[in-house]
Amino acid sequence: MSRRAILAIGLLTLPLTACLTPARDFHGYVADDAQPRDMKPDEDTRSSVLAQLGSPSTEGIFDDKTWIYMSDVQERIAFLKPKITKRSITAIRFGEDDKVDEVLEYTAADGEVINYASRETPTRGRELGLWEQIFGTVGAVRLPNSDEATPGNPTGRRQ
């Protein structure tokens, strides 16, 4: 093979390598200076956590004593489904005196896959086919009787 052919093949396949480079997306809380795990129990208060980290991703469901900071990194190669490569969830619990009681850290390995019931609720009636949906209303339009109001006869009286 000549050098020109090898060079041409190399130049044509070079753009394909861009498809193999994963695109990275960052979701959730992105820490600037302080990390949520750097909060110290019995030292930091609710106001100092808010000043250092900002508002949380979410708060506890049943009380406001737990702040949760969530973030993850997803990578996608070309058109494939994105995969989560890194997940970080930090829960900060506050005591009655608004001081940090504990800092809990969770990763993707701590999560559990929850199976949900994919049942459908039955409805009354039947399903319409494609042709029934398209032509189902043909002939179902009711024309006005002679005693009904129409644009040409607004009172509906016979003339």
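Residues numbered from 1 in each chain as written. Predicted model: local features only at pLDDT ≥ 70, side-chain atom pairs only at ≥ 80, totals over all residues. Heavy atoms only, no water.

Draft legend 1. Region of interest: the confidence of the model for the chain. When pLDDT is averaged across the chain, the result is 80; 84% of the residues are at 70 or more. For the chain, the element scoring lowest by mean pLDDT is helix H1 (residues 3–13), at 79; strand S3 (residues 66–76) scores highest, at 89. (pLDDT = per-residue confidence, 0-100. Helix = DSSP H or I, 4+ residues; strand = E, 2+ residues; numbered from the N terminus.)

Draft legend 2. Geometry of the packing of aromatic side chains. Overall, the coordinates contain three aromatic pairs when judged by the stated rule. Arranged with centres 4.9 Å apart and planes meeting at 65 degrees, the rings of Tyr 29 and Tyr 69 form a pair that is edge-to-face. Residue Tyr 29 is found in the loop between strand S1 (23–28) and helix H2 (46–53), and its partner Tyr 69 is found in strand S3; the two are separated by 40 residues along the sequence. On the basis of relative accessibility, which here comes to 16%, the residue Tyr 29 falls in the buried class. Accessibility expressed as a relative area gives 1% for Tyr 69, which makes it buried. Ring geometry for Trp 67 against Phe 94: centres 5.1 Å apart, planes inclined by 75 degrees, an arrangement best described as edge-to-face. Taken together, the positions of Trp 67 in strand S3 and Phe 94 in strand S4 (residues 83–94) put the pair 27 residues apart, joining distant regions of the chain. The aromatic ring of Phe 94 is capped on one face by Arg 46, whose charged end is 4.6 Å from the ring centroid. (Phe/Tyr/Trp six-rings, centres within 6.5 Å; stacked < 30°, edge-to-face > 60°. Buried < 20%, exposed > 50% of the residue type's maximum accessible area, 1.4 Å probe, protein only. Lys NZ or Arg CZ within 6 Å of the ring centre and 35° of its normal.)

Draft legend 3. Main features of the nonpolar core. Within the largest apolar cluster, ten residues are counted, these being Tyr 29, Ala 34, Met 39, Val 49, Leu 53, Trp 67, Tyr 69, Ile 92, Phe 94 and Val 100. Counting residues per element, the ones that place at least two in this core are H2, S3 and S4. Ignoring any residue separated from it by four or fewer positions in sequence, one finds Ala 34 in contact with Tyr 29, Met 39, Gln 52 and Leu 53. (Core = buried A, V, L, I, M, F, W, Y, C linked by side-chain atoms within 4.5 Å. Contact = heavy atoms within 4.5 Å.)

Draft legend 4. The pairing of S4, seen in detail. For S3 and S4, the ladder comprises ten bridges, and the chain directions are antiparallel. What sits directly across from Trp 67, in S4, is Ile 92. Taken together, the seven bridges between S4 and strand S5 (residues 100–107) define a ladder with antiparallel strand orientation. Among the inter-strand pairings, Ala 91 is bridged to a residue of S5, identified as Leu 104. Between S4 and S5, which pair antiparallel and follow one another directly, the connecting turn spans five residues, one of which, Asp 98, has a positive phi of 65 degrees. (Pairing = 2+ DSSP bridges.)

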